[in-house]
Amino acid sequence: MPPASTGASTLIVAASTQSSPAPVAPAAPVESDRLEPGRPGYRRMSFALFAAGVATFALLYSTQALLPAVSASFGATAGQASWTVSGATGALALCVLPMSALSERFGRRQMMTVSLAVAVTVGLFVPFAPSLGWLIALRAVQGAALAGLPASAMAYLAEEVRPKALVAAIGLFVAGNSIGGMSGRILTGWVAQAWGWRAALGAVGLLAVVCAVVFHFMIPRARHFTPGSLNPRALAKTVGGHLADPLLRRLYAIGALFMTVFGAVYTVIGYRLVEAPFSLPQGVVGSIFLVYLVGTVSSATSGRLVARLGRRGALYLAVSTTAAGLLLSLADQLAAVLVGLVLITAGFFAGHAVASSSVSRTATKGRAQASALYQSAYYLGSSAGGTLGAVAFHAGGWAGTVALGLLAVLGVVSITLYGSRAARVERLRPSTVVSVRG
């Protein structure tokens with residue numbers, strides 16, 4: 001791996017000693033069978049996981065652009081309505097580790113297929129929720145179902161794709177997330193303006209159905225997966241090993257903090273834009289999420305960014321871009337707010353792609369659990385960001401939300417600086433030993 005994004009590269013070797021919950025040793029991988037650009041199956045795999053990413057983010061954040069309308073419909077505050085987003089992301093965060101354990105037994109492909117099917121089915125019932133409580137409950141069930149997708153997808157890619165192409169492959173999956181987040185919000189914005197927020201949620205459900213069908217027929221079968229038993233003791237040992245790895249802990253914290261910023265900004269931005277001095281209609285507010293296209297580009301090109309700057313360098317660039325966007329968004333000019341959102345989105349998706357691919361490269365054993373822990377931290381950050389962002393907005397307006405985001409950004413910088421120092425210490429240690437012996 002290139003210079004680790006948050007710590008010493010030698011910890012990657014240590015990660016390979018972590019135990020796996022699978023009691024049967026996997027067969028030696030045949031590298032010639034692994035997928036890479038230009039080989040048969042790579043394009044199908046990329047398209048299938050791109051569709052799964054679209055469905056995941058479109059469903060998971062389907063109510064985010066509709067929060068002002070949901071608040072008006074149920075007479076709820078911004079903080080109360082935000083639970084229609086935070087409930088889904090929080091349930092996903094809690095369920096992603098158990099779902100990853102099931103994927104070790106039944107397979108990544110099967111887990112992704114079933115999870116997407118259940119989430120899509122629940123999505124067809126969400127528009128008919130009779131109260132805010134029911135809406136939050138259905139969204140929580142939907143988030144729990146979606147928990148089988150992210151960690152299984154990362155583990156599937158780590159097993160089926162050649163290491164040199166892994167960052168690019170994960171970047172495409174993350175790009176699907178950004179397209180799903182964008183298309184879902186734009187679709188809900190314009191449909192809600194014409195027919196109401198319930199019809200908007202129904203439209204997202206139909207979009208997810210199409211994506212699920214595409215995924216089912218396009219995803220290649222797994223060639224390098226070896227099933228294991230559901231052994232709670234072995235699972236706990238594997239999880240404990242990952243949590244004991246300082247590099248993985250830093251990557252989990254970085255994912256959570258990046259998503260705290262993103263969740264806070266995009267949960268609250270609709271409330272800001274429908275109020276003075278902007279007073280934008282719901283359809284136009286939904287179209288603001290076209291800036292997600294920037295995230296599609298930044299995540300898909302994260303592999304080249306890492307090759308040029310290294311992982312820590314790429315993280316520094318991502319966090320600086322995010323901070324600049326937060327500060328720019330404080331202006332009361334719509335153009336400045338839009339540019340700020342572009343920078344926040346580009347920085348977030350680049351940072352997420354780098355951190356998540358680093359987890360997959362670092363954990364050579366128990367990859368599903370390593371990815372699940374990252375996804376759990378990531379979506380806990382989203383849930384916390386959405387709720388805390390709404391509370392901060394209620395207390396201090398948009399400036400309060402920006403202050404929360406900058407605090408999270410400072411956390412990413414501190415962790416990355418600490419990782420850089422740890423890497424230098426590790427590099428100097430062997431030379432010190434040699435000089436003493438000499």
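Residues numbered from 1 in each chain as written. Predicted model: local features only at pLDDT ≥ 70, side-chain atom pairs only at ≥ 80, totals over all residues. Heavy atoms only, no water.

Caption draft 1: Highlighting the confidence of the model for the chain. Predicted confidence across the chain gives a mean pLDDT of 83, with 89% of residues reaching 70 or more. Model confidence for the chain, summarised as mean pLDDT per element, is weakest for helix α1 (residues 11-15) at 31 and strongest for helix α7 (residues 132-146) at 96. Between residues 432-438, whose pLDDT stays under 50, and residues either more than four places distant or in other chains, the model counts 0 contacts. (pLDDT = per-residue confidence, 0-100. Helix = DSSP H or I, 4+ residues; strand = E, 2+ residues; numbered from the N terminus. Contact = heavy atoms within 4.5 Å.)

Caption draft 2: Broad picture of the packing of aromatic side chains. For the coordinates displayed, the defined rule picks out 11 aromatic pairs. Relative to F348, the ring of F262 has its centre 4.0 Å away and its plane inclined at 10°; by these criteria the two rings are stacked. With F262 in helix α12 (residues 246-274) and F348 in helix α16 (residues 334-362), the pair connects residues that are 86 residues apart, well separated along the chain. With a centroid separation of 6.2 Å and 20° between ring planes, the pair formed by F348 and Y378 is classed as stacked. In this pair, F348 is assigned in helix α16 and Y378 in helix α17 (residues 367-437), connecting sequence segments 30 residues apart. Pairwise contacts between aromatic rings join F262, Y266, F289, F348, F349, Y374, Y378 and Y379 into one cluster. Lying across the ring of F106, R105 places its NZ or CZ 5.5 Å from the centre. (Phe/Tyr/Trp six-rings, centres within 6.5 Å; stacked < 30°, edge-to-face > 60°. Lys NZ or Arg CZ within 6 Å of the ring centre and 35° of its normal.)

Caption draft 3: Expanded view of unusual backbone geometry. With an omega of 10°, the peptide bond running from A276 to P277 counts as cis. Mapped onto the secondary structure, P277 falls in the loop between α12 and α13 (282-287). Non-glycine residue S279 carries a positive phi angle of around 50°. Along the chain, the position of S279 falls in the loop between α12 and α13.

Caption draft 4: Region of interest: empty space enclosed by the protein. In this structure the tally under the stated criterion is 2 cavities of 30 Å³ or more. By volume, the largest cavity is sized at about 40 Å³. Lining the largest cavity, in full, are T56, P150, M154, F173, N177, H352, Q375, Y378 and Y379. Within the residue set of the lining of the largest cavity, elements represented by two or more residues are α8 (150-160), α9 (166-195) and α17. With 3 residues, the top contributor of residues to the lining of the largest cavity is α17. Broken down by class, the residue content of the lining of the largest cavity amounts to 5 nonpolar, 4 polar and no charged. Estimated volume of the second largest cavity: approximately 40 Å³. (1 Å grid on protein atoms, 1.4 Å probe; cavity = no way out; pocket = protein on both sides within 12 Å on 5 of 7 lines; lining within 4 Å. Points joined across faces, edges and corners; volume = space filled by probe spheres on them. Nonpolar A, V, L, I, M, F, W, Y, C, P; charged D, E, K, R; others polar.)

Caption draft 5: Fine view of helix α3 (residues 67-74). Looking at α3, one finds that the buried residues are L67, P68, V70 and S71. Looking straight down α3, one finds its buried side chains confined to an arc of 165°; they lie on one side. Buried positions along α3 lie against α4 (78-81), α5 (83-106), α7, α10 (197-218) and α12. (Buried < 20%, exposed > 50% of the residue type's maximum accessible area, 1.4 Å probe, protein only. Arc of directions from axis to C-beta.)

Caption draft 6: Region of the structure containing the layout of surface pockets. Considered as a void within the structure, the second largest pocket measures approximately 200 Å³ in volume. Together, 12 residues line the second largest pocket, and D33, L35, P40, G41 and R223 are the ones closest to its centre. In terms of residue class, the lining of the second largest pocket is made up of 4 nonpolar, 2 polar and 6 charged.

Caption draft 7: Expanded view of the packing of helix α15 (residues 302-328) against α16. Their axes nearest at 7 Å, the elements α15 and α16 cross at an angle of 145°. Considering only the axes of α15 and α16, their crossing is left-handed. Split by residue class, the contact of α15 with α16 holds 15 nonpolar, 9 polar and 2 charged. (Axes fitted to C-alpha atoms, helices over the stretch in contact; angles between N-to-C directions. Left-handed = near helix turned anticlockwise from the far one by under 90°.)

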